[in-house]
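Working through the structure, step by step
Each chain is listed here by its residues.
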Amino acid sequence: MSILIVDDSLDDRLLLETFLKKAGFSELTLADSARDSFRQLGLEEPTREVNHVDLVLMDVLMPEIDGIEACRRIKASGQFSDVPIIMITAQTETEYLQSAFDAGAIDYITKPVNKVELLARVSSALTLKREMDQRKAREKEIIDIGSEIQQTLLQGQPPQDFPGIGVAAFTMQSLRIGGDFYDFFKHNDQCLDIIIGDVMGKGIPAALMGAAIKNQFVRAINHLIAKEGIGRIPEPEEIVRLVHSELSAELIKLDSFVTLCYARVDLNGSRLSFVDCGHAKSLHFRQATGKHVVLEGENVPLGVSESEYYRQVSVPFELGDLFVFYSDGVTEMRNEAGEFFGLERLGKFMEENRRLPPGELVRGIRRAVVSFSGTEVFSDDVACVIMRIEGAKTDFPLARDYLEMSSDLSELVRVRAFVKEVCGNIPPSALSEQGKSQLELAVHEVITNIIRHAYHGRPNKLIQMEVELSYEKITFRLCHWGEGYEPGDIEPPDFDDDTRQVGFGLYIIDQVADEVRYVQDEDGKNCVYLVKNLEVLRGE
Amino acid sequence: MELTVDSIGNVTVIQLPVENLDAGNTKEFKRQVSPLLEAKAKLVFDMAKVKFVDSSGLGALLSCLRQVNAEGGDLKICGLTKQVRVIFELVRMHRIFEMFNTREEAAKAYD
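Described in the following lines is the structure provided in the data block. (Residues numbered from 1 in each chain as written. Chains lettered and ligands numbered in written order. Predicted model: local features only at pLDDT ≥ 70, side-chain atom pairs only at ≥ 80, totals over all residues.)

Observations concerning the interface of chain B and chain A
Tallying the contact residues gives 21 residues for chain B and 22 residues for chain A. Every element with two or more residues in the side of chain B that touches chain A is listed here: helix 1 (26–33), helix 2 (55–70) and helix 3 (82–90) of chain B. Ranked by residues supplied to the side of chain B that touches chain A, first place goes to helix 2 of chain B with 8 residues. A class-by-class count of the residues in the side of chain B that touches chain A yields 9 nonpolar, 8 polar and 4 charged. (Contact = placed C-beta atoms within 7 Å. Helix = DSSP H or I, 4+ residues; strand = E, 2+ residues; numbered from the N terminus. Nonpolar A, V, L, I, M, F, W, Y, C, P; charged D, E, K, R; others polar.)

Here it is, written out as structure tokens:
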């Protein structure tokens, strides 16, 4: 095992080295000052490879940084906090011992160093270190296995292929295994249940409890379906009541409880029904308003009161609506200043990014929470599930708008304001500000061309503009009743005659749009389609 | 559209007084500016007030540049807003025009 000797006196360093070498300790590192020891340990330069060390022998009185301060810093470093430190002190310096122990030293040897005493203390410290290392390795192994079991077998996987519902989820357990859990039950193509819960406590006991509770839910659902016979799916409140009757008394006995939300998305009835058992308040983002509503139930956690009567609450939803379920680890995450991440930040994040697919949203929330807290090591378990009501097709329009104008160049200001307003609904991650300015210009150019080439500058003719925004693209449909024209009909630009700048305009349209089509329908209406694809990452 | 004309030394600075330089007003702009495009002119267009330029506007600016260049003068541009810069870059006009942040910098470039 490896020992670091820190002493400013060359004689003392050599003496310690000789004693230890003779006793068979071959991995010795010498440092002539506290700073030198930090260098050897890699504490000075974070990029340097960290030296392994099992024991530090530290002189108390050293110039610049003394042994007590050095001891404190090594203990505070994280990677060496478990390394035992033995102080070496002259007989006359024993008044420092209290502060050395306070700084984290475990033992001391007085100078002049007695060989027998040195070797006895060193080997007892090393024995302790060895046992601690072994115990830690065992614990790590158990947590590794437990964490893997939880991630692969116990934690439900969001369904990837549920028709009409996009789902994504993430958990981060503070001890890599923990009591936040979620699962999904698919009853049929119209009906998806989600359960998200947070067991009191952390680590393996909480994870086991979470697994047991999920098991109870599966049993309750099966029991109720069997009892009802085929044809009816038990309501969420019935399921929760049965679980409560089976479980709450046991939880109370174990002095534990669980908060959870059991929710059902019913596509057929366009309703979400949920039982809120004292869980973090879920959010409902409405496509129609762009705002969110907090979903509040009225029940206490399971395991709090045997006489609790669980009731469900039901809310209608529309296509494009989003539901956010999470554990309080998200909203109660603190930053360095001690502030909570809070419901408001979560709501704001969602409102700004609500057009992103669920997979992107949960990753975004995770990033936001991590960057807010400034650490990846959390004090509480964190879980989050996002569901979007997507309807049968994933590329349904999120928004449509319509503008009518006359074939007059003075209308162009209104056209651009309209495009700008529509683009305001697209998050910057889907289309940059620069892209929006360019799109505004391209639509402007199409209208200019219609006025010039379809209506030949005749005023008071009708131009209709329809815009459709989906997750994947934004489509403008610009219709007129003038002469049909195609890009080929328009002469290339001639910059010496600025009445004919249309070729330049076509170049702009081509550069900006991903697709441009010129179509004439049977009624003689001509339409120009201008499509811009959005940078939307597919949900996972 | 009333162009504001100032001079810095022997450089003529023309402030474009509109928010939009587009199909709706390029003809008028061209009419107003053409007396100023004299031989060997040292011109600066100050575009700080302009928030939008379309292909017609770009075309008008280009034709000013060509006309001035043909007669031994030059035209520089200053004060481009962010939105207008995006449009300039889209059609690579930033490679054709010499662009500056302020009219003083543009005028100094004539020294």
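Focus on the sheet that holds strand 11 (residues 282–285) of chain A
Hydrogen bonds between backbone atoms are what pair the strands of a sheet, whose relative direction is either parallel or antiparallel. Residue and element names in this part refer to chain A. An order of 6-15-14-11-12 is seen for the 5 strands of this open sheet, with the pairing classed as antiparallel. Every other strand in the sheet has two partners, leaving strand 6 (165–172) and strand 12 (292–295) as the edge strands with one partner each. The sheet shows a mean angle of 15 degrees between the axes of neighbouring strands, taken without regard to direction. With 8 bridges joining them, strand 6 and strand 15 (residues 382–389) adopt antiparallel strand pairing. Counted as the bridge partner of F170 is C384 from strand 15. (Pairing = 2+ DSSP bridges. Axes fitted to C-alpha atoms, helices over the stretch in contact; angles between N-to-C directions.)

Comments concerning the packing of helix 1 of chain B against helix 2 of chain B
Residue and element names in this part refer to chain B. At a minimum axis distance of 9 Å, the contact between helix 1 and helix 2 shows a crossing angle of 20 degrees. On the basis of their axis angle, the class for helix 1 and helix 2 is roughly parallel. The handedness of the crossing between helix 1 and helix 2 is right-handed. Here T26, F29, K30 and V33 of helix 1 lie close against helix 2, whose contacting residues are S56, G57, A60 and C64. Taken together, the residues of the contact of helix 1 with helix 2 sort by class into 4 nonpolar, 3 polar and 1 charged. (Parallel < 35°, antiparallel > 145°, perpendicular 65-115°, else oblique. Left-handed = near helix turned anticlockwise from the far one by under 90°.)

Focus on the environment of A249 of chain A
With respect to the element layout, A249 of chain A can be found in helix 7 (residues 236–253). The sequence separation of A249 of chain A and E306 of chain A amounts to 57 residues, and the corresponding C-alpha distance is 6.4 Å.

Here's the deal with the pairing of strand 11 of chain A
Residue and element names in this part refer to chain A. For strand 11 and strand 12, the ladder comprises 4 bridges, and the chain directions are antiparallel. The residue of strand 12 that forms the bridge with F285 is H292. Counted between consecutive antiparallel strands, the loop separating strand 11 from strand 12 contains 6 residues, among which G290 sits at a positive phi close to 75 degrees. Sheet analysis places strand 11 next to strand 14 (residues 322–326), joined by 3 bridges and oriented antiparallel. Looking at the pairing, L283 lines up with V324 of strand 14.

With respect to the pairing of strand 3 (residues 55–59) of chain A
All names here are of chain A. Within strand 3, 5 of the 5 residues are buried, leaving the element largely enclosed by the surrounding structure. Of the two faces of strand 3, the one holding L55, L57 and D59 and the one holding V56 and M58 are both buried throughout. As defined by bridge partners, strand 1 (residues 3–6) adjoins strand 3 across 4 bridges and the pair is classed as parallel. Residue L4 lies in a different strand from strand 3, and its bridge partner there is V56. Read as a crossover between parallel neighbours, the route from strand 3 over helix 3 (residues 67–76) to strand 4 (residues 85–90) is right-handed. (Buried ≥ 20, exposed ≤ 12 C-beta atoms within 10 Å, placed from the backbone. Right-handed = clockwise from strand over helix to strand, strands pointing away.)

With respect to unusual backbone geometry
All names here are of chain A. Of note, the bond from K111 into P112 is cis; its omega dihedral lies within 30 degrees of zero at -5 degrees. Tracing the sequence through the fold places P112 in the loop between strand 5 (107–111) and helix 5 (115–154). For N460, which is not a glycine, the phi torsion comes out positive at approximately 60 degrees. Tracing the chain through its elements places N460 in the loop between helix 12 (433–454) and strand 17 (462–469). Since 8 C-beta atoms lie within 10 Å of it, N460 is described here as exposed.

Some details on the environment of L43 of chain B
Residue and element names in this part refer to chain B. Within the element layout of this structure, L43 appears in strand 4 (residues 42–46). Judged by C-beta crowding, with 23 C-beta atoms within 10 Å, L43 ranks as buried. Between the alpha carbons of L43 and T12 there is a distance of 4.9 Å; along the sequence they are 31 residues apart. Other than its neighbours up to four places away in sequence, L43 contacts T12, I14, L36, V68, G73 and L75.

Function cannot be read off these values alone, since they describe shape.
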